[in-house]
2 protein chains.
Amino acid sequence: MLNLTTIQEARQRIAGRVHRTPVFTSRAFDEAVGCRVFFKCENLQRAGAFKARGAMNKILSLTNEEHGRGVVAFSSGNHAQAVALAARDVGAKATIVMPQDAPRAKLAATRGYGAEVVLVERANNNREQVAREICERTGGVLVPPYDDYLVMAGQGTAGLELLEDAPDLDALLVPCSGGGLFAGASVAAKAWRPEIRCFPVEPATANDTQQSFAAGERLATPLSPSIADGLLVQTPGVLTFPVTRQNAEQVLTVTDDEIRAAMRFLLYRLKLLVEPSGAVGAAALLRGKLPPDIKTAGVILSGGNVDAEMLASCLN
Amino acid sequence: MLNLTTIQEARQRIAGRVHRTPVFTSRAFDEAVGCRVFFKCENLQRAGAFKARGAMNKILSLTNEEHGRGVVAFSSGNHAQAVALAARDVGAKATIVMPQDAPRAKLAATRGYGAEVVLVERANNNREQVAREICERTGGVLVPPYDDYLVMAGQGTAGLELLEDAPDLDALLVPCSGGGLFAGASVAAKAWRPEIRCFPVEPATANDTQQSFAAGERLATPLSPSIADGLLVQTPGVLTFPVTRQNAEQVLTVTDDEIRAAMRFLLYRLKLLVEPSGAVGAAALLRGKLPPDIKTAGVILSGGNVDAEMLASCLN
């Protein structure tokens, strides 16, 4: 179940173990987009992304016996770090299946939290299968990146906090990959303020949610590249997609160049490092992709984990 | 006069016109330096630096008649933007004398606030004289970058806020150029907590305060380069130096490479863009330059205005 109650329970469960991140505003950004914008700074979250919320909620819900068997996850990066961090917090072993081309900073950070990392080629697209095999072999508990109600409720706490700090939002923009953050945050936001208009944002080259939303059913898109390395899933989640269908007004997409421009604005003007996947909401606003009658928008800056190489490539 | 009362008056005067900036902490940074650290984020201040505090306090203290004559300043960058911003807020014309090699972002931002910029060569070292000539010709009021009690009291409000948020600091590290921020912040900190140990930090290549502190009198050092472009004065201020002599335990210096390493840590781990001049306190801590018995340190991250070129040069 995903509703305001399970999101509030998540908040109580994870309180003190994740940050209540600040909400930033910027006159320069507001002037650039002609709209009052409230940024929920999940780049300042523990382990550098909102993923700590869902992983913590899931892992804290497990029994001591389950903790003893360990947790397993598959992830391109931020979920990996989040599960590693949450597992370390409760003293459980974490095994994380990651793609070989994941950003080096994310690999290093995951290992830094004490997790064992198992690398697979991204093209194989078998990370989930590898993770499930590890679970069968070891008895470990899988912590899914999005298709899990406890994970979705955990991510939703970011939306709950944003609406508490900025209660009068006309719209909410949320980076969308598997859809866990959008599902959780949109449920929280609409419970708080039923008239809020919610927009998932994804890369133009990985617009599986946009295509699925238009078709009214989960479609699979080809694997294609984007600098938004955290948003490269090929199909929406089984549990998340019905929530997206219900809560999204429209699915927005942004190009890599639009993402880079948004990253530079956030860096040079707001002084915040936001990763490409985390900057898609700001990118959509800067390019005027929201309906013009929206005067107040909340944007989740979902993470800040950037490689030196990637950052250099975004500064040109 | 510079004391707790004038700093508190400054705070009342500038309230609502400058940000009460947040104080950040980082487990990663604390572990790296073996000390609990509280960062006062003046890089998130209006116009990107603490300078908005002093300029606002000075300009709000002027009469309407003085506002009508306009304000004049000389600055390598952040003070320029701050005076331009404060002047715009009160509807006064600002004329700013800047060196030709000031970071482009600072030139553009100063003009963006509506100020007239007069460029002079840095080597001529005649910026103050040019500014004074403009004042004589136009009747404008000079807003000094540091040697002015209202400016110093304004900068001191950053120290006051930091001690309110982190009242148990053993030490305070403050970037030092002319000494206005150190003077104001150290007076505020010692009024709040007399036993606090205060450390100005400056570039090793521009250590006029360190040399002057050792000699017990204001000495002039040769002009020499550093990436900390905001800290390149050649002699401490007439009004600030007596405060530095009284309040500093020791003057610390850092190299350009140490500054770059600190900028990278702040960027990649805390997700904060801090300019070279603003990162000297963090650099001193990361290189273990504080006495080892200090367990809790406050660090003023004084600004965040960085050119794309300079940032690129710091990421390698």
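Located above this text is the structure these notes cover.
Chemist: So, the relation of the copies chain A and chain B: which residues are in play, and what are the values?
Modeler: These two copies of the chain differ by a rotation about an axis and a displacement along the same axis. Its rotation angle being 180°, the transformation that places chain A on chain B also includes 0.0 Å of axial translation and leaves an RMSD of 0.0 Å. Taken together, the rotation and translation describe the operation of a two-fold axis. Minimal C-alpha distance to the rotation axis in chain A is attained by Leu-272 of chain A, lying at 2.6 Å. Comparing interface residues between copies, 100% of those in chain A also lie at the interface in chain B; the contact surface is shared.

Chemist: How would you sum up the pattern of salt bridges? Please name residues and give values.
Modeler: Counted by the stated rule, this structure contains 39 salt bridges over all chains. Close ionic contact of Lys-93 of chain A with Glu-116 of chain A constitutes a salt bridge, the shortest N to O distance being 2.9 Å. Of the two residues, Lys-93 of chain A is situated in the loop between helix H5 (78-90) and strand E4 (94-99) and Glu-116 of chain A in strand E5 (residues 116-120); the sequence distance between them amounts to 23 residues. Look at Glu-116 of chain A and you get partly exposed, because its relative accessible area is 41%. Notably, a salt bridge pairs Glu-258 of chain B with Arg-287 of chain B, separated by 3.6 Å at the nearest N-O pair. Here Arg-287 of chain B lies in the loop between helix H13 (280-286) and strand E10 (296-301) and Glu-258 of chain B lies in helix H12 (residues 256-268), a separation of 29 residues in the sequence. Linked through salt bridges whose partners overlap, the residues forming this network are Arg-11, Arg-20, Glu-164 and Asp-165 of chain A.

Chemist: Could you give an account of the interface of chain A and chain B, with specific residues and numbers?
Modeler: With 19 residues of chain A in contact, the opposing surface of chain B contributes 19 residues. Buried area between chain A and chain B, both sides added, is near 1600 Å², and the carbon and sulfur share of it is 62%. Scanning the region where chain A abuts chain B turns up zero salt bridges. Put simply, chain A and chain B have six residue pairs in polar contact (both at pLDDT 80 or more) between them. Broken down by secondary-structure element, the contributors of at least two residues to the side of chain A that touches chain B are helix H12 (256-268) and helix H14 (308-314) of chain A.

Chemist: Please provide a residue-by-residue account of empty space enclosed by the protein, values included.
Modeler: Tallying each qualifying case throughout the model produces two cavities of 30 Å³ or more. Reported here for the largest cavity is a volume of approximately 40 Å³. What lines the largest cavity is Met-263, Arg-264, Leu-267, Leu-272, Leu-273, Val-274, Leu-311, Cys-314 and Leu-315 of chain B. Mapped by element, the contributors of at least two residues to the lining of the largest cavity are H12 and helix H14 (308-314) of chain B. A per-class count over the lining of the largest cavity returns eight nonpolar, no polar and one charged. Lining the second largest cavity are Ala-206, Thr-221, Pro-222, Leu-223, Ser-224, Leu-232, Val-233 and Gln-234 of chain A.

Chemist: Could you give an account of the environment of Ser-76 of chain A, naming the residues involved and the relevant values?
Modeler: All names here are of chain A. With respect to the helices and strands, Ser-76 occurs in the loop between strand E3 (71-74) and H5. For the pair Ser-76 and Leu-231, spaced 155 residues apart in sequence, the C-alpha to C-alpha distance is 9.0 Å. In this structure, Ser-76 is in contact with Met-98, Pro-99, Ala-102, Pro-103, Lys-106, Arg-122, Arg-127, Asp-229 and Gly-230, ignoring residues within four places of it in sequence.

What counts and what doesn't
Residues numbered from 1 in each chain as written. Chains lettered and ligands numbered in written order. Predicted model: local features only at pLDDT ≥ 70, side-chain atom pairs only at ≥ 80, totals over all residues. Heavy atoms only, no water. Least-squares fit on C-alpha atoms with pLDDT ≥ 70 in both. Contact = heavy atoms within 4.5 Å. Salt bridge = Lys/Arg side-chain N within 4 Å of Asp/Glu carboxyl O. Helix = DSSP H or I, 4+ residues; strand = E, 2+ residues; numbered from the N terminus. Buried < 20%, exposed > 50% of the residue type's maximum accessible area, 1.4 Å probe, protein only. Buried area = accessible area lost by both parts, 1.4 Å probe. Polar contact = N/O pair within 3.5 Å; in protein donor to acceptor, adjacent residues only side chain to side chain. 1 Å grid on protein atoms, 1.4 Å probe; cavity = no way out; pocket = protein on both sides within 12 Å on 5 of 7 lines; lining within 4 Å. Points joined across faces, edges and corners; volume = space filled by probe spheres on them. Nonpolar A, V, L, I, M, F, W, Y, C, P; charged D, E, K, R; others polar.

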